[in-house]
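What follows is each chain in one-letter form.
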Amino acid sequence: MTLEQAEALDAADPLASYRAQFMCPAGVIYLDGNSLGQLPLATVQAGAEATTQAWGERLIRGWNEGWIDAPQRVGAMIAPLIGAAPDEVISADSTSVNLYKLIVAALRLDPKRNVVVSEAGNFPTDLHIAEGAVAAVAGAELRIVERGALAEALGDDTALLMLTHVHYKTAERFDMAAWTKAAHDAGALVCWDLSHSAGAVAVGLNAAGADLAVGCGYKYLNGGPGAPAFLYVAKRWQERLHNPLSGWMGHAAPFEFADGYEAAPGMRRWLTGTPCVLSLVALESGLKLWADIDIRQVEAKSAALWDIFHAAGTAAGLECVTPSHPQQRGSHISFRHPNAYEIVQALIARGVIGDFRDPDIMRFGLTPLMLRHADIWRAGEMLREIVASGSFRAPEFAVRYAVT
Ligand SMILES: *Cc1c(COP(=O)(O)O)cnc(C)c1O
């Protein structure tokens with residue numbers, strides 16, 4: 001691929017117009033939209049209005065002017081991106097907290113089933129939260145096994161199979177329908193973590209027959225740092241599962257101020273405390289961009305960007321740890337190198353922002369709404385130069401930061 005060929009792909013790109021709707025800092029090729037999505041320009045205005053007009057002028061009246069329903073409204077906007085019905089998704093809390101709620105709920109469903117099965121090397125918070133959740137339910141147990149041993153780890157004691165759909169390091173994607181069926185064949189429920197899937201690849205929760213899911217608002221959904229997460233509960237489970245963090249916002253009638261808890265019908269019971277309105281406003285603004293987007297075009301462009309960067313990385317002699325078949329991966333690409341940290345720092349010094357994942361992975365998010373093929377081509381050239389010249393060995397690139 002030449003720069004001219006990459007520019008020709010940009011000229012024919014059906015998603016090209018979206019880039020202008022995001023703030024794209026000069027001199028930066030941002031390959032970290034899978035960690036913190038870029039700022040939609042509309043969010044600047046939405047945030048200003050939410051503070052000065054809604055909060056500043058309307059004050060507490062704002063709750064009846066759109067704030068109180070924001071978790072459901074935002075959930076309904078996420079639903080089409082994950083193959084769910086609008087009343088099966090709600091936006092609340094963080095992915096970690098939502099996982100806790102769903103794991104404990106699943107463990108309490110059937111006392112004969114008390115095991116949560118998950119994958120070794122899953123995103124750390126998923127495993128840490130599962131550890132805390134099983135500790136909170138008498139007799140419950142966490143069984144963490146390698147991917148190849150998952151099938152045999154499922155049995156008649158399994159309450160929940162908890163998997164991350166797209167792996168945060170390698171981008172490897174589970175076959176959602178096949179693993180949902182495997183869980184169901186064992187009589188268990190499945191919970192999918194869609195943090196690296198929502199807004200990245202086509203997701204069909206209901207088509208797969210999935211039970212539960214969670215996911216992140218600040219990655220591909222561009223909700224801003226610490227944006228609220230979401231959770232999904234298939235309609236058939238909504239009256240049978242209960243939120244262990246039974247706060248007043250999930251009560252059937254919060255403003256009756258009753259002493260006893262009574263769960264709200266539908267998804268609202270998964271709320272706990274007061275929604276973080278300003279953050280929901282930012283997430284809602286980001287989600288509005290998705291209204292007219294065909295996720296298949298996003299997947300197709302992601303694959304084209306992937307091919308360009310993959311060619312550059314392998315030409316540089318790097319080992320790619322991401323599956324080469326587009327249906328078997330998400331929307332990032334990762335390479336392994338003993339000096340991955342230093343190479344990522346050398347790229348950042350030249351304006352190419354990716355990230356490092358301990359111990360030896362460099363990870364690059366490919367976000368088709370903002371990135372041009374020519375950007376990826378240029379970033380690939382820089383990667384090649386940095387590795388070939390050994391310039392990443394300069395001492396300043398070895399300085400370790402707290403957030404990588
Ligand atoms: C990003 C991510 C999270 C983030 O969880 P927080 O509670 O927002 O910190 C959780 N799980 C996976 C798989 C992720 O990729």
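Quick caveat, the model's predicted, so the values are computed rather than measured.

*Asks:* Quick one: what's the story with the sheet that holds strand β3 (residues 115-119), residue by residue and with numbers?
*Replies:* Strand order in this open sheet of seven strands is β2-β8-β7-β6-β5-β3-β4, and the pairing throughout is mixed. What marks the edges here is a single partner per strand, and that holds for β2 (89-92) and β4 (141-145). Going from strand to strand, the sheet's axes swing by 20° on average, the running direction of each strand aside. Contacts between helix α5 (residues 124-135) and the sheet are confined to β3, β4, β5 (158-164) and β6 (189-193), with β4 contributing the most and set at about 155° to the helix.

*Asks:* Talk me through the packing of aromatic side chains; I want residue IDs and the actual numbers.
*Replies:* On inspection of all chains with the given rule, the structure shows eleven aromatic pairs. For the pair Phe309 and Phe335, a centre-to-centre distance of 6.1 Å together with 50° between the ring planes defines the contact as tilted. With Phe309 in helix α10 (residues 295-315) and Phe335 in strand β10 (residues 332-336), this residue pair connects regions lying 26 residues apart in the sequence. Each member of the aromatic cluster is reached from another via a ring pair, and the members are Phe174, Trp179 and Trp192.

*Asks:* How would you sum up the site of the ligand? Please name residues and give values.
*Replies:* Around the ligand sit Ser94, Thr95, Ser96, Phe123, Thr125, Asp126, Thr164, Asp193, Ser195, His196, Tyr218 and Lys219, and those are all the residues in its vicinity. Separating a nitrogen atom of the ligand from a side-chain N or O atom of Asp126 is a distance of 2.9 Å. Its free accessible area being 390 Å², the ligand has 87% of it covered by the protein chains. Where the shell around the ligand is concerned, the elements lending two or more residues are α4 (95-107) and α5. Split into classes, the residues belonging to the shell around the ligand amount to two nonpolar, seven polar and three charged.

*Asks:* Break down the state of the cysteines for me, citing the residues and quoting the values.
*Replies:* For the structure shown, the criterion picks out zero disulfides. Unpaired in terms of disulfides, Cys216 finds its nearest cysteine sulfur in Cys276, a separation of 13 Å. Residue Cys216 is classed as buried on the basis of its relative accessible area, which comes to 2%. For Cys276, a relative accessible area of 37% puts it in the partly exposed group.

*Asks:* Tell me about the pairing of β2, and please be specific about residues and values.
*Replies:* Side chains Val89 and Ser91 project from β2 onto one buried face, and the interleaved Ile90 and Ala92 project onto a second face that is buried too. Direction of pairing for β2 relative to strand β8 (residues 229-233): antiparallel, over a ladder of four bridges. Of the residues in β8, the one forming a bridge with Ser91 is Phe230.

*Asks:* Outline the sheet that holds strand β9 (residues 319-320), supporting the account with residue identities and numerical values.
*Replies:* Adjacent strands of a sheet pair through backbone hydrogen bonds, lying either parallel or antiparallel. An order of β9-β10-β13-β12 is seen for the four strands of this open sheet, with the pairing classed as antiparallel. The sheet is open, and its two edges are formed by β9 and β12 (355-357), each paired on a single side. α10 contacts β9, β10 and β13 (361-365) of the sheet and is inclined by roughly 10° relative to β10.

*Asks:* Residues and numbers for the environment of Glu239, please.
*Replies:* By the secondary structure assignment, Glu239 is in the loop between β8 and α9 (277-288). For Glu239, a relative accessible area of 49% puts it in the partly exposed group. Measuring from C-alpha to C-alpha, the distance between Glu239 and Met267 comes to 9.2 Å, with 28 residues separating the pair along the chain. Aside from chain neighbours lying at most four places away, what touches Glu239 is Pro265, Gly266 and Arg269. A polar side-chain atom of Glu239 sits 3.2 Å from a polar atom in the side chain of Arg269.

*Asks:* Which residues make up the domain arrangement of the protein chain, and what values do they have?
*Replies:* For the protein chain, the assigned domains are domain 1 (3-30 + 294-398) and domain 2 (45-291). Of note, the centres of domain 1 and domain 2, computed from C-alpha atoms alone, are 30 Å apart. With 26 residues of domain 1 at the contact, the number on the domain 2 side is 17 residues. Of the roughly 1800 Å² buried between domain 1 and domain 2, counting both surfaces, carbon and sulfur atoms make up 60%.

*Asks:* How would you sum up the environment of Thr274? Please name residues and give values.
*Replies:* Mapping Thr274 onto the fold places it in the loop between β8 and α9. Considering only alpha carbons, one finds Thr274 and Ala349, 75 residues apart in sequence, at a separation of 41 Å. Those residues in contact with Thr274 that lie beyond four places of it in its chain are Trp63, Trp248 and Met249.

*Asks:* So, the pattern of salt bridges: which residues are in play, and what are the values?
*Replies:* A complete count under the given rule lists 23 salt bridges for this structure. Here Asp13 and Lys301 are joined by a salt bridge, their closest N and O atoms 2.6 Å apart. On the criterion of sequence distance, the pair formed by Asp13 in the loop between α1 (3-11) and β1 (29-30) and Lys301 in helix α10 is long-range, its members being 288 residues apart. Here Asp13 matches Lys301 in class, with each residue buried. Across the pair Glu239 and Arg269 runs a salt bridge, and its minimum N-O distance is 3.2 Å. Placement of the pair is Glu239 in the loop between β8 and α9 and Arg269 in the loop between β8 and α9, with a sequence separation of 30 residues. Residue classification places Arg269 among the buried residues on the basis of a relative accessible area of 3%. Connected through shared salt-bridge partners, Arg19, Arg372 and Asp375 make up one network.

Conventions used here
- Residues numbered from 1 in each chain as written.
- Predicted model: local features only at pLDDT ≥ 70, side-chain atom pairs only at ≥ 80, totals over all residues.
- Heavy atoms only, no water.
- Pairing = 2+ DSSP bridges.
- Helix = DSSP H or I, 4+ residues; strand = E, 2+ residues; numbered from the N terminus.
- Axes fitted to C-alpha atoms, helices over the stretch in contact; angles between N-to-C directions.
- Contact = heavy atoms within 4.5 Å.
- Phe/Tyr/Trp six-rings, centres within 6.5 Å; stacked < 30°, edge-to-face > 60°.
- Near = heavy atom within 4 Å.
- Polar contact = N/O pair within 3.5 Å; in protein donor to acceptor, adjacent residues only side chain to side chain.
- Areas by Shrake-Rupley, 256 points an atom, 1.4 Å probe, with all protein chains shown as cover.
- Nonpolar A, V, L, I, M, F, W, Y, C, P; charged D, E, K, R; others polar.
- Disulfide = S-S within 2.5 Å.
- Buried < 20%, exposed > 50% of the residue type's maximum accessible area, 1.4 Å probe, protein only.
- Domains from an automatic or database assignment.
- Buried area = accessible area lost by both parts, 1.4 Å probe.
- Salt bridge = Lys/Arg side-chain N within 4 Å of Asp/Glu carboxyl O.

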